[in-house]
Amino acid sequence: MLLQHEVSAAAHPLAGTVVEWLWLLPLLPLLGFVINGLLSLVPATVLGPGDPDMAHGADGAHGEAGHGVAVHAHETADEHGAHGDDHHPVVRHRFAWLASIVGPAVLAIAFGLAVAMFFAMRGAGGGEMHAPFVQRYFSWMPAGTFHLDAAFQLDQLSMLMVLVITGVGTLIHLFSIGYMQDDPGYPRFFAYLNLFVAFMLVLVLGANYPVLFVGWEGVGLCSYLLIGFWFSEKANADAGKKAFIVNRIGDFGLLIAMFLLFANLGTLDFVAVNENVTRLAFGGPLITTICLFMFLGCTGKSAQIPLYIWLPDAMAGPTPVSALIHAATMVTAGVYLIARSSVLFSMAPVAGLTVTVIGALTAIFAATIGLKQWDIKKVLAYSTVSQLGYMFMGVGSGAYVAGVFHLATHAFFKALLFLGSGSVIFAMHAAYHHTGSHEDAQDMRNMGGLAPYMRVTWILMWIATLAIAGVPFFAGFFSKDEILGSLFLRAHDSTLADARWLGIPGSAVLYGAYALGLAAALLTAIYMTRMMIYTFHGPNRTGEKERDHLHEAPWIMTGPLVVLGILSAVGGWLNLPAITSFLGPVGALDRWLEPVVGESALRVTNGVAPEATHSTELALVGGAVAIALLGIIIAAVRLKPARLVPKAQSPEEHGIERVLANKYYVDEAYDRVVVEPTVGLSRGVLWKGIDQGIIDNVLVNGSARLARGFSSLGSWVQSGQIGTYAWVLVIGVLAVLGAFTIR
Amino acid sequence: MNFMTHLDLSFPAQLSLALLPDLLLMGGAMILLLWAAWRPESARHQRSVGAACLGLIVLTTIAIGWFMYRHVTATPGPIAVDRFRWIADLVLLLGTAGTIALSMDYNEREGIFAPESHVLILLATSGMMLLAAARDLMIVFLGIETMSVATYVLAGMNRRSPRSAEAAMKYFLLGAFSTAFLLYGMALVYGATGATNLSVIGDRVMRFGLTTSPLLLTGIALMLVGFGFKVAAAPFHMWAPDVYEGAPTPITGYMAAAVKAAAFAAFLRIWYEAFTPVYASWHNAVWWLAAVTMAVGNIIALRQRDLKRLLAYSSIAHAGYLLVALTVNSPAGSEAFLFYAFVYTIATMGSFAVVVALGDPGERSLNVDDYAGLWTVRPWLAVAMAVFMLALLGFPVFGGAGFFAKWYVIRAALQAPSPHWKLAVILVLTSVISAGYYLYVVMVMFMRPRVASAAIPARSRGLTGFVIAASAVLLIVLGFFPERLVRLTEGSAPYGALTVPATSSAVPLPSLPPARR
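Keep in mind the model is a prediction, meaning the values are calculated, not measured.

A. Here's a closer look at the interface of chain B and chain A. Taken together, the contact between chain B and chain A spans 35 residues of the former and 24 residues of the latter. Summing both sides of the interface, chain B and chain A together bury roughly 2,500 Å²; the carbon and sulfur share of this comes to 75%. For the pair chain B and chain A, the interface holds seven residue pairs in polar contact (both at pLDDT 80 or more).

Next up, the structure:
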């Protein structure tokens, strides 16, 4: 391995520790990708057992023994697969066993390595270590004055991200073993998943913007591949394309931001940018422009207004993908990017306010859509968009730790919710397959009363629901509360409050964002409770025959759920607020991230850490808790699951309900305003007019015709008559003599 | 100064020494001619004469190598002793060796029993070597005629083929026509300057302020016509396609590669050494000659479906590229010319070797469509032909050194004291046009299915196969290591390219009146 340490790197407190193996972190999943990718090239599928339940019939994980028996009665001639989204015949890959060892194992090893690094970091001073540990591998792009190394860096922020990615990633890989077991593309799935983790680690470990961008684009690629994993259905392939194209718009912004940074600072290394950025004018148009373009990149990757539209469609991918990429890790890359560039954003209050406003609007907007979705994964998708809005409210208002804290807790409970919904869909699908029914396995109108059939999933999903709703002492309570509290405090005194945003005073903007955040919290509690009630409670609407086949998922799927459930319950201990000092040490994450974002956070708050009085804090927390409970109670009282009928018999919706169910018709509006004109222009003018008409017809074929025409003329003169030749020669002589007279 | 490394050309003995390789080739060829005529014609005899000719070429090459190795220099005189000459000689001998090797196989297959044809090739080559060495218009003329007369005969070598006879006749008539222009031009130049020695001409043009003399300029223009004919530059190219098509294929290759390179060597030396002072006057004409030649050659080639005609037009186009190097009129230009001539000779010999290998007895199967699906029946032949086509196109990596050849010409054009960027643009654009026919050949060989009725071509004979393989390998290797050849050509510009010598002791100055100004 080619290691070129900086001089300072050798003197770094982490030098010589396990952190020296930093390069191994992305390399491990990459190795998994190579192995699984090679396996997937082997077209060796074998006919699997007639019924997927045979595999887990023996593992004893069924909720009720009676179901196991009933299930086995049907394992005769049914050749259809059970999970996922369509009726594949059960053909298993011959090397599925190897892929299910390699895929999760590389992740587990990487997680172990990350944990070892974490302890090495704590041993070396943890929160006091102020310089990142930088490892340079080779000169990547030397061009004139521009020097760029392929380099990784590890600091407290990267460490947290690595732990979340590899930790949650390992759990989701394990879950996938069960969920994907009967898919003929099994090794391919793990190959993509491994590749995704590799790129995600490159993203968070990169020591400069271009390396980050490599990861940024790489995860985009993997997202595209995995959304369209079942590409034989056009809808899935289209969803993948949509995600890819929408993200291109954002990437364009990020690229512009990088160009501007390089043009004005002459460097793209994080360390050097942070050192030099103070040369730029505080709040000036340049730094604001850079930050806004960077945020455009974030709205693409992290699904914020106006580029959020791809994320709900991305649910076409397998559910573990939704959990890992479209909830826990990739979509939080934008939050990470702003936290990583906190110095830049702290210099641009207007950009910070923009991020906050967009975050608040996205939070409330997506939450209202979530109220009326029937597809269980769509509810969670809009919930994710909404929660990402919270994170941006945090990092936008300068509360970087709060944003990152919510990122971590959200990774736990949202991964749990998605995997739980996967477990539900798995069960529903299995049931429908046994009877050959073609009902929608993801529609909540077809569920209801599932709790007795799948106890483990039910309990764990309630934990996650309470966490996301903000019920005290679950993870989401602490992180969401910290974001809202920070907004409130910064509205009072900060550089943001002093700035003006489109003519509105900054403090009014922040108070408004706080209010929207509270309203979104109420809606969150309502739509999550609605989802739980419609899924697990009330009468069952699955169907008489199908009901007998509902059962809990195997242990390989419920195991990760349990771990995530524990994390969702206790994740808040990462960063306890002062008011709950009786629970344990206060502000652990604040101290841990202080070297990375502390300076920027202080710049936003005019140099003093904002301190709320005890009574204010109590009032804020009390209000938030009241709103969360209110939301749950409203949903529990107002919703009547008994009145629901299965999807097939459901009436049309009317009025505002219909608008919400159709997501405010934003997709249609984008289609009309952006897509159709673009396609029309491309097809009518660019393709038929310019490409076919001018380029192909006139330039390409025209020049070929012209050349051939001249060619024919020449061939005609070339008659074979020597007299003609002599004449041409004489004409040539005259021409040459003439040329000599021209000067 | 050591007699062996610095020759004083005013002594006849040392002059003869300077001509050693040429004399060796000429003398050897005469003896071989006697031997060839001595015994009755038979395939075996023809083969042994050919082998002896190849041996003589090796001997000559060794002699040249000795001169290069010892860095022999000479006082100015009628004969040049410089690197430009030696490298040009090597290019010519390479082409000659390839031609003789191909002829040996070709004559046998076509049932031609003419051992003297191999020797005639050697005689033509000795004329060419004189051209490369000449620093005097008289010797240039001598070389041109020696070369041409032998080549006229070679074109009509296949006496039983009417096309061959027609080619020889056309070549001879038009050649005589153009030689008249050349000779008349030389006479006018002599009339204007009173000298036939190149450096003396340049010297006097400067000294007596003859740069606007109508006599001199007319002379230069007529010489340009003569050389334009020999190198087949448009509009003096009309003879080339007909002659190339009718002549026996190895001789076509010889004309396309060696004859052209030799004429260019003299062309370039004269223009560099004698006419540099009147650059402003001839620049326009040569510029247009280059541009028109590139355009005409490449555009008409698009229509050709007979491979020999296609390669004929391709060779016209390449004359245009070489004219760019001449237009540049800088040391870089002459270095680029040598590199180009080297690569072009190899690629041309290689492609004609493939034509020989695939031509059935009686010169059939010369249409491009006969090459359809060659890849499926003779894959190595198809690959080699693709290399030659790509080299002629100037394609990087797969075309080997062809890319660098064009690259150096373009570089010379752009880095000249007065950059010829327009000419460089024309060169690139016409090269793009040339892809239309070079790549067509490649496409046909690899992508068209083989016609079911087409017979599988016979295996190439030994020498033909060797020429093909050696050419392809050499091109590819040179494509990866062009520096070797570049270093050889570095600093090889003819004497007069940089400075015109102030005095010349070799030829006494006639007592002309002092300058008119």
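B. Examining the environment of A:Arg530 more closely. All names here are of chain A. Within the secondary structure, Arg530 is located in helix α22 (residues 506-536). Under the relative-accessibility criterion, Arg530 is labelled buried at 4%. Taking C-alpha positions, Arg530 is 9.6 Å from Arg638, a pair spaced 108 residues apart along the chain. Beyond its immediate chain neighbours, meaning those up to four positions away, Arg530 contacts Gly370, Leu371, Lys372, Gln373, Trp374, Val379, Met444, Ala635 and Leu639.

C. Fine view of helix α26 (residues 614-638) of chain A. Residues and elements named next belong to chain A. Between its terminal C-alpha atoms α26 stretches 35 Å, which fits the 36 Å expected from 25 residues at 1.5 Å a residue. Regarding α26, the residues found buried are Glu617, Leu620, Val621, Ala624, Val625, Ala628, Gly631, Ile632 and Ala635. Residues of α26 that are buried sit in contact with α19 (455-469), α20 (475-492) and α22.

D. Looking closely at the pattern of salt bridges. Applying the stated criterion to the full structure yields 28 salt bridges over all chains. Between A:Arg340 and A:Asp155 there is a salt bridge; the shortest N-O distance is 2.7 Å. With A:Arg340 in helix α14 (residues 333-340) and A:Asp155 in the loop between β4 (149-154) and α6 (156-179), the pair connects residues that are 185 residues apart, well separated along the chain. On the basis of relative accessible area, A:Arg340 is assigned to the buried category, the value being 5%. Given a relative accessible area of 6%, A:Asp155 falls into the buried group. Taking the shortest distance from any N to any O, the salt bridge between B:Glu273 and B:Arg269 comes out at 3.1 Å.

E. Inspection of the state of the cysteines at higher detail. Per the counting criterion, the structure on display carries zero disulfides over all chains. A:Cys291 takes part in no disulfide bond, and the closest cysteine sulfur, belonging to A:Cys298, lies 9.9 Å away.

F. Looking closely at the packing of α6(A) against helix α24 (residues 555-570) of chain A. All names here are of chain A. Put simply, α6 and α24 touch, their axes get as near as 7 Å, and they point 155° apart. By the angle class used here, α6 and α24 are roughly antiparallel. With respect to the hand of their crossing, α6 and α24 are arranged in left-handed fashion. Touching Leu171, Leu174, Phe175, Ile177, Gly178 and Tyr179 of α6 are Ile556, Met557, Pro560, Val563 and Leu564, all from α24. Each residue belonging to the contact of α6 with α24 can be placed in one class, and the counts come to 10 nonpolar, one polar and no charged.

Calculation criteria
Residues numbered from 1 in each chain as written. Chains lettered and ligands numbered in written order. Predicted model: local features only at pLDDT ≥ 70, side-chain atom pairs only at ≥ 80, totals over all residues. Heavy atoms only, no water. Contact = heavy atoms within 4.5 Å. Buried area = accessible area lost by both parts, 1.4 Å probe. Polar contact = N/O pair within 3.5 Å; in protein donor to acceptor, adjacent residues only side chain to side chain. Helix = DSSP H or I, 4+ residues; strand = E, 2+ residues; numbered from the N terminus. Buried < 20%, exposed > 50% of the residue type's maximum accessible area, 1.4 Å probe, protein only. Expected span 1.5 Å × (residues − 1). Salt bridge = Lys/Arg side-chain N within 4 Å of Asp/Glu carboxyl O. Disulfide = S-S within 2.5 Å. Axes fitted to C-alpha atoms, helices over the stretch in contact; angles between N-to-C directions. Parallel < 35°, antiparallel > 145°, perpendicular 65-115°, else oblique. Left-handed = near helix turned anticlockwise from the far one by under 90°. Nonpolar A, V, L, I, M, F, W, Y, C, P; charged D, E, K, R; others polar.

Worth remembering: the numbers are spatial, not functional.
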